[in-house]
Amino acid sequence: MERKTKHILKTILLSSVLLGAAACKSDSEEVVEEVTFPAEVLKESYTIDRLKLLMIDPKIEGKLTWSINDSVISDHLQLDFVSSTVQNYPLTLKVEVKGAAKIYKSTIIVNKELTPYSKYISNVFDFRPATGQFINEIPEYVNGNTEADMIKRAKESLVGENATMITLGGFGGYVAFGFDHTIPNLEGRDFKILGNAFWGNNANATRSGSCEPGIIMVGYDKNKNGKPDEDEWYEIAGSEYFKNSTTKNYTITYFKPNENKPPVPGSEFWQTDVEYIKWQDNFGNSGFKTKNTFHAQSYYPLWLSGASYSLTGTRLKDNFYDQSGTGAYWVGTSYDYGYADNAPNNDEASNIDISWAVDKSGNYVKLPGIDFIKVYTGINQEAGWLGEVSTEVAGAYDLHLK
Ligand SMILES: [Ca+2]
Ligand SMILES: [Ca+2]
Ligand SMILES: [Ca+2]
């Protein structure tokens, strides 16, 4: 009895659908181009650990809309997905081509990682400081060390909870490091970079003291090879990024000094050699970096064998000034947000939001999370006897992972 009712109902439904189709056809003479969709473009399910980047490429052209439940999460041809929680997500992909649409469904299964993640730096990929008064000391260079050895030194300093400090020297000096998981871009700020900035007790201006802002780049491992590649970096647009006082694509070249040349002392007692390291930039400026009496070792990275090397990036306006007027007390002002070593570690300004990332044209990009961070000194200034303004990095961590 029940079966019979069902059959009748089905027949009626089918007839009405056919009728409807017929009516449509007679109403309009419009010929719609036939679109054939592939039967399946997604796997039945995708499995990934939490805080790992999942990339789904359905290899289909058209207007794509990716949703989980009713919220749209992406409209890109490829889905980049990262979840901070262990759960299953019902995934819907709507593909629209020439007015026709098809819905595909799948599930993303997010598991807990086998080895618990560390919220701290897990690896250092690159380290090339500019010249500076702490170079060859923090970290320490030993005769015969290669660049690979020095990257290892930087790694020994920066990895883990008990990280110690490295210096990046003057403008452009950089370090690039990564984590054992993807730091997700959640609501608000996502990671902290540790430095040695502090507020000056006698500084007249608020939020000033020893602030040596470093530019932050973030990267995500698009090609999944476990290391940062050139096309995977995005700059964090800090508070100064869009200002006219900021110089993009600033390149400085440092020339290897002859450590045995006769020094040229300056008028100040601390100026051991005011013609120590020759530099020039891509704006036609040039000069010398001074050697001071407080640091006698070479200020040029001795593991670099070339006669010169160049560093490029965004240059911020000089931020140090001589408050005393006599050269005795130099103060560096903090920029509002988005830089490393620019505010004390317990200050909100040392926390960074991945949503501030921009592409090379300055357009904000929506990154689901990041795997890598690069920091370089953003100032090309010598602050009297304090020496060059140099960003220090003393670790970093994911603000979300508990
Ligand atoms: Ca965020
Ligand atoms: Ca990569
Ligand atoms: Ca510093």
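Below: a short report on this structure. For clarity, every value in this text was computed on a predicted model and none was experimentally measured.

Procedures and definitions
- Residues numbered from 1 in each chain as written.
- Chains lettered and ligands numbered in written order.
- Predicted model: local features only at pLDDT ≥ 70, side-chain atom pairs only at ≥ 80, totals over all residues.
- Heavy atoms only, no water.
- Donors = N, O, S within 2.8 Å, 3.2 Å for Na, K, Ca; no water.
- Helix = DSSP H or I, 4+ residues; strand = E, 2+ residues; numbered from the N terminus.
- Buried < 20%, exposed > 50% of the residue type's maximum accessible area, 1.4 Å probe, protein only.
- Tetrahedral: all angles 85-135°; square planar, octahedral: opposite > 155°, others 65-115°.
- Pairing = 2+ DSSP bridges.
- Axes fitted to C-alpha atoms, helices over the stretch in contact; angles between N-to-C directions.
- Phe/Tyr/Trp six-rings, centres within 6.5 Å; stacked < 30°, edge-to-face > 60°.
- Lys NZ or Arg CZ within 6 Å of the ring centre and 35° of its normal.
- Salt bridge = Lys/Arg side-chain N within 4 Å of Asp/Glu carboxyl O.

Those donors, Asn196 (OD1), Glu212 (OE), Asp341 (OD) and Glu392 (OE), are the protein atoms that reach the calcium ion (ligand 3), and they lie 2.2 to 2.4 Å from it. Counting gaps between the donor residues of the calcium ion (ligand 3) yields the pattern N-x15-E-x128-D-x50-E. One end of the pair, Asp341, is in the loop between β21 (330–333) and β22 (351–352); the other, Glu392, is in strand β25 (residues 392–393), with 51 residues separating them in the sequence. Given a relative accessible area of 4%, Glu392 falls into the buried group.

Here the focus is the coordination of the calcium ion (ligand 1). Ideal geometry at a metal centre gives angles of 109.5 degrees when four donors are arranged tetrahedrally and 90 or 180 degrees when six donors are arranged octahedrally. Protein-derived coordination of the calcium ion (ligand 1) comes from Asn185 (OD1), Leu186 (O), Gly188 (O), Asp190 (OD), Asp190 (OD) and Asp353 (OD), at a distance range of 2.3 to 2.8 Å. The site at the calcium ion (ligand 1) holds six donor atoms, and with the angles between them running 49 to 175°, its shape is irregular. Ordering the donors of the calcium ion (ligand 1) by residue number gives the pattern N-L-x1-G-x1-D-x162-D. A residue pair is termed long-range when its members are at least 10 positions apart, and Asp190 in the loop between β10 (174–184) and β11 (191–193) and Asp353 in the loop between β22 and β23 (357–358) qualify at 163 residues. By relative accessible area, which is 0% here, Asp190 ends up buried.

Here the focus is the sheet that holds strand β7 (residues 100–111). Strands belonging to one sheet form pairs held by backbone hydrogen bonds; the direction of such a pair is parallel or antiparallel. Across the sheet, five strands lie side by side as β1-β7-β6-β3-β4; this open sheet has mixed pairing. Looking at strand neighbours, the two that pair on one side only are β1 (45–49) and β4 (71–74), the edges of this open sheet. Pairs of neighbouring strands in the sheet enclose a mean axial angle of 35°, with direction left out of account. With six bridges connecting them, strand β3 (residues 63–68) and strand β6 (residues 88–97) associate as antiparallel partners. Each bridged residue has a counterpart across the sheet, and for Ile68 the counterpart in β6 is Leu91.

All told, the structure shown has 19 aromatic pairs when counted by the stated rule. Seen from their ring centres, Tyr337 and Trp356 are 4.7 Å apart, and the 50° between their planes marks the pair as tilted. With a gap of 19 residues between them, Tyr337 in the loop between β21 and β22 and Trp356 in the loop between β22 and β23 connect regions that are remote in the sequence. Chaining the aromatic ring pairs together yields one cluster made of Phe171, Tyr250, Phe283 and Tyr376. When the ring centre of Trp279 is taken as reference, the NZ or CZ atom of Lys289 above it lies at 5.0 Å. Its end group placed over the ring of Tyr250, Arg315 keeps NZ or CZ at 4.9 Å from the ring centre.

Turning our eyes to something else, we now look at the pattern of salt bridges. All told, the structure shown has ten salt bridges when counted by the stated rule. Glu113 is the partner of Lys112 in a salt bridge, and the nearest nitrogen-oxygen pair spans 3.5 Å. Glu240 is paired through a salt bridge with Lys243; the nearest N and O atoms lie 3.2 Å apart. With relative accessibility at 7%, the residue Glu240 sits in the buried group. With a relative accessible area of 42%, Lys243 lands in the partly exposed category. When salt bridges with common partners are traced through the structure, they connect Arg50, Lys112 and Glu113 into a single cluster.

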